[in-house]
Amino acid sequence: MRLDIYRRPEHDGIFSYLAVPEGKPIPQEAINTDWEPETKALEVDDDADDLPNFHIEHLPQQIGSKGYAITSLKDM
């Protein structure tokens, strides 16, 4: 699968990340924050469960239920 990755600053130079399927808009419930493009058309293995470089866990479950996947700030 291919994903577009966005980021936003949190604190102390830490960023949170949002992944959406390539070409899809950021869903309405997540658009109210200042997401900046990070990576376009990132190729990800269809079997990938996590994106460790972006601190995103349970990738297919998040995209399946919400249409996007987001960083878990508790693990940062």
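Up top is the structure.
Thresholds, definitions, all that
Residues numbered from 1 in each chain as written. Predicted model: local features only at pLDDT ≥ 70, side-chain atom pairs only at ≥ 80, totals over all residues. Heavy atoms only, no water. Pairing = 2+ DSSP bridges. Helix = DSSP H or I, 4+ residues; strand = E, 2+ residues; numbered from the N terminus. Buried < 20%, exposed > 50% of the residue type's maximum accessible area, 1.4 Å probe, protein only. Contact = heavy atoms within 4.5 Å.

K.L.:
I would appreciate a short explanation of the sheet that holds strand β3 (residues 36-43) in the present structure.
P.N.:
Strands in a sheet are paired, the pairing made by backbone hydrogen bonds, and the direction either parallel or antiparallel. With antiparallel pairing, the four strands of this open sheet are ordered in space as β3-β1-β2-β4. The strands lining the two open edges of the sheet, one partner per strand, are β3 and β4 (69-70). In this structure, strand β1 (residues 2-9) lies alongside β3, joined through five bridges in antiparallel fashion. Bridge assignment links L3 to a residue of β3, and that residue is L42.

K.L.:
I would appreciate a short explanation of the pairing of strand β2 (residues 15-21) in the present structure.
P.N.:
A regular strand places its side chains on the two faces of the sheet in alternate fashion. β2 sits mainly inside the fold: five of its seven residues count as buried. Bridging between β1 and β2 involves seven bridges; their strand directions are antiparallel. Counterpart to Y6 in the pairing with β2 is L18. Counted along the chain from β1 to the antiparallel partner β2, the turn is five residues long, and its residue D12 has a positive phi close to 50°. Bridge count for β2 against β4 is two bridges, and the pairing is antiparallel. In the strand pairing of β4, L18 is matched with I70.

K.L.:
Sorry, what's going on with the environment of F54 here?
P.N.:
Tracing the backbone shows F54 in the loop between β3 and α1 (59-66). Classification of F54 by relative accessible area gives buried; the value is 12%. C-alpha of F54 to C-alpha of Y17: the two residues are 37 residues apart in sequence and 5.9 Å apart in space. Those residues in contact with F54 that lie beyond four places of it in its chain are I5, Y17, E38, T39, L42 and T71.

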